[in-house]
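Remarks on the overall topology
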Amino acid sequence: MGRTIGRNGAVAVLAAALVVSGLFVGVSYGSGGEITDPQVIELTTVGCTTDDSDPATECSVYRLEDTEGQRSGSVVRFRVPVWDVDGTQVGRAFLECVTSTGAGSVCTNVLSLKEGPYTDLGTIVSTGIGLPPRAITGGSGAYLNVRGEMTGATVGGAFVLTLNLIP
């Protein structure tokens, strides 16, 4: 003999199903995030070039002027590819710097990385005064809650970023 579930029973079954599915989502998301040991990642970019035909690169500079029309700073936005030490493209850097005359630059960099031999899927965010923005302040995916420091150096025609990550 079949049995029917009343309205209250259907609501209880639906609520239980949502709780169970939420647990599975939490477990699957939580198991793939955060680094557990310190890591050093070296990435390279060539920054912006005069060749506008590269669809992976976008660079914009917006001039800021004071009320008298004098240049008082700028906003710079870059979207450039990044490569690992083997020359494999492993993501993109999104950089924004606001510069004010007499006050310097405040920059934020978001590295959007994909799975590679030296990188995992996720983002790393850094912010600070000047380039590169040194303080790693967080991330997502494999780099959830990461912190640390980023340094940079010009080597040949490229810009090399060294990320010292700590969990």
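Below: a short report on this structure. Being a predicted model, the structure only gives us computed values, none of them experimental.

The residue Thr108 is located in strand 5 (residues 104-113) in this model. Accessibility expressed as a relative area gives 34% for Thr108, which makes it partly exposed. As a C-alpha pair, Thr108 and Gly130 span 22 residues in sequence and 9.5 Å in three-dimensional space. If near-sequence neighbours (up to four positions away) are discounted, Thr108 is found in contact with Phe94, Leu95, Glu96, Val125, Ser126, Thr127 and Pro133. Here Thr127 takes part through its side chain, which lies 3.5 Å from a polar atom of the side chain of Thr108.

Let's shift gears to the state of the cysteines. Applying the stated criterion to the full structure yields 1 disulfide. Two residues share a disulfide in this structure: Cys97 and Cys107, whose sulfurs sit 2.0 Å from each other. The disulfide joining Cys97 to Cys107 has a torsion of about 115° about its S-S bond and is therefore right-handed. Of this pair, Cys97 sits in strand 4 (residues 89-100) while Cys107 sits in strand 5; the two residues are 10 residues apart in sequence, bridging distant segments of the chain. Note on accessibility: Cys97 and Cys107 belong to one class, buried.

This brings us to the environment of Leu113. Within the element layout of this structure, Leu113 appears in strand 5. Considering only alpha carbons, one finds Leu113 and Trp83, 30 residues apart in sequence, at a separation of 9.8 Å. Those residues in contact with Leu113 that sit more than four places away from it in its chain are Leu43, Val82, Val90, Gly91, Thr119, Asp120, Leu121, Gly122, Ile124 and Tyr143.

On to the pairing of strand 3 (residues 71-83). Two strands pair when backbone bridges link them, and strand 2 (residues 58-65) and strand 3 are joined in this way by 8 bridges, in the antiparallel orientation. In the sheet register, Glu65 faces strand 3, and the bridge partner there is Arg71. Between the antiparallel neighbours strand 2 and strand 3 lie 5 residues, among them Gly69 with a positive phi of about 85°. Looking at chain direction, strand 3 and strand 4 are connected through 11 bridges and run antiparallel. Across the sheet, the residue bridging to Trp83 is Gln89, located in strand 4. In this structure, the hairpin formed by strand 3 and strand 4 is closed by a connection of 5 residues, where Gly87 is found at a positive phi of approximately 85°.

So, on to the pairing of strand 9 (residues 158-166). Both strand 1 (residues 39-45) and strand 9 contribute to a ladder of 7 bridges, which runs antiparallel. The partner of Gln39 across the bridge, within strand 9, is Leu165. As paired strands, strand 8 (residues 147-155) and strand 9 are joined by 9 bridges and run antiparallel to one another. Considered in strand 9, the bridge of Thr154 is made with Phe159. Between the end of strand 8 and the start of strand 9, which pair antiparallel, lie 2 residues, with Gly156 showing a positive phi angle near 65°.

Glancing now at the side chain of Ser126. Within the secondary structure, Ser126 sits in strand 6 (residues 122-129). The exposure class assigned to Ser126 is buried, which follows from its relative accessible area of 1%. Within the structure, the side chain of Ser126 is placed 3.1 Å from the backbone oxygen of Pro133, a separation counted as a polar contact. Every residue in contact with Ser126, bar those within four places of it in the chain, is listed here: Cys107, Thr108, Asn109, Pro133, Ala135, Ile136, Thr137 and Met150.

In this structure the tally under the stated criterion is 4 salt bridges. Two residues, Arg79 and Glu58, come together in a salt bridge whose shortest N-O distance is 3.8 Å. Separated by 21 residues along the polypeptide, Arg79 in strand 3 and Glu58 in strand 2 bring together distant segments of the chain. Looking at Arg79, the relative accessible area reads 24%, which means it is partly exposed. Taking relative accessible area as the criterion, Glu58 reaches 44% and is therefore assigned partly exposed. The salt bridge partner of Glu96 is Arg77, with a shortest N-O separation of 2.8 Å. Here the residue Glu96 occupies a position in strand 4, and Arg77 occupies one in strand 3, the gap between them amounting to 19 residues.

About the criteria used
Residues numbered from 1 in each chain as written. Predicted model: local features only at pLDDT ≥ 70, side-chain atom pairs only at ≥ 80, totals over all residues. Heavy atoms only, no water. Helix = DSSP H or I, 4+ residues; strand = E, 2+ residues; numbered from the N terminus. Buried < 20%, exposed > 50% of the residue type's maximum accessible area, 1.4 Å probe, protein only. Contact = heavy atoms within 4.5 Å. Polar contact = N/O pair within 3.5 Å; in protein donor to acceptor, adjacent residues only side chain to side chain. Disulfide = S-S within 2.5 Å. Pairing = 2+ DSSP bridges. Salt bridge = Lys/Arg side-chain N within 4 Å of Asp/Glu carboxyl O.

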